[in-house]
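Overview (structure and organization)
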Amino acid sequence: MTASPARRRSTPAAALALAALGSLVAVTGCASASDATPEEKTFSYGGTTLNVRSHEVSTDLVATDRQDIKVTRWFDARVLGSKETSWSLSGDNLDLQAGCTGIANCDARYRVEVPRSLTVLRDGRETDLKGGAS
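The present account deals with the structure reproduced in this document.

Now for unusual backbone geometry. With glycine set apart, most residues show a phi of negative sign, and most peptide bonds adopt trans. Non-glycine residue Glu-56 carries a positive phi angle of around 65°. The residue Glu-56 is located in the loop between β2 (49–53) and β3 (58–64) in this model. The class for Glu-56 is exposed, based on a relative accessible area of 83%.

Put into structure tokens, the structure is as follows:
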């Protein structure tokens with residue numbers, strides 16, 4: 001007589017946990033930056049070259065008639081973890097981050113308006129700027 005393979009039985013606790021996780025995913029929905037309220041921050045800048053580090057977040061770089069740097073961020077998250085957003089200017093580097101951890105769905109985008117005379121790099125590489133209104 002051969003031994004039968006072990007049978008896996010679902011326990012009520014495991015079934016409840018799985019159902020709760022499914023409900024959680026359904027409740028949190030999909031995040032969309034287009035639904036987010038924009039946030040703005042302005043940085044004074046006197047340099048001639050700016051390196052924008054966007055960490056793979058969609059970022060429009062726009063040449064304008066302004067003298068400073070204006071950043072607009074749209075960020076939406078459905079999370080059971082934590083949101084992680086930051087924007088900072090240190091030296092010639094503008095660092096833009098937006099994401100989340102845990103059970104989450106995030107969507108973000110940035111728009112960076114810079115003076116027309118400024119040379120702008122994207123993650124250390126030359127890039128073209130979009131034209132924009134002043």
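Let us look at the state of the cysteines. Under the defined criterion, the tally for this structure stands at one disulfide. Shown here is the disulfide that connects Cys-100 with Cys-106, its sulfur atoms set 1.5 Å apart. With relative accessibility at 23%, the residue Cys-100 sits in the partly exposed group. Residue Cys-106 is classed as partly exposed on the basis of its relative accessible area, which comes to 28%.

Below, the discussion takes up the nonpolar core. In this structure, Leu-50, Ile-69, Val-71, Leu-94, Leu-96 and Val-112 are the most contacted members of the largest nonpolar core, which totals 20 residues. Put simply, the parts of the chain that give this core at least two residues each are β2, β4 (69–90) and β5 (93–115). In terms of residue count, β5 provides more of this core than any other element does, seven residues in total. Setting aside anything within four residues of it in sequence, one finds Val-112 in contact with Thr-59, Asp-60, Leu-61, Val-62, Ile-69, Lys-70, Val-71, Leu-94 and Leu-96.

Cut-offs used in this document
Residues numbered from 1 in each chain as written. Predicted model: local features only at pLDDT ≥ 70, side-chain atom pairs only at ≥ 80, totals over all residues. Heavy atoms only, no water. Helix = DSSP H or I, 4+ residues; strand = E, 2+ residues; numbered from the N terminus. Buried < 20%, exposed > 50% of the residue type's maximum accessible area, 1.4 Å probe, protein only. Disulfide = S-S within 2.5 Å. Core = buried A, V, L, I, M, F, W, Y, C linked by side-chain atoms within 4.5 Å. Contact = heavy atoms within 4.5 Å.

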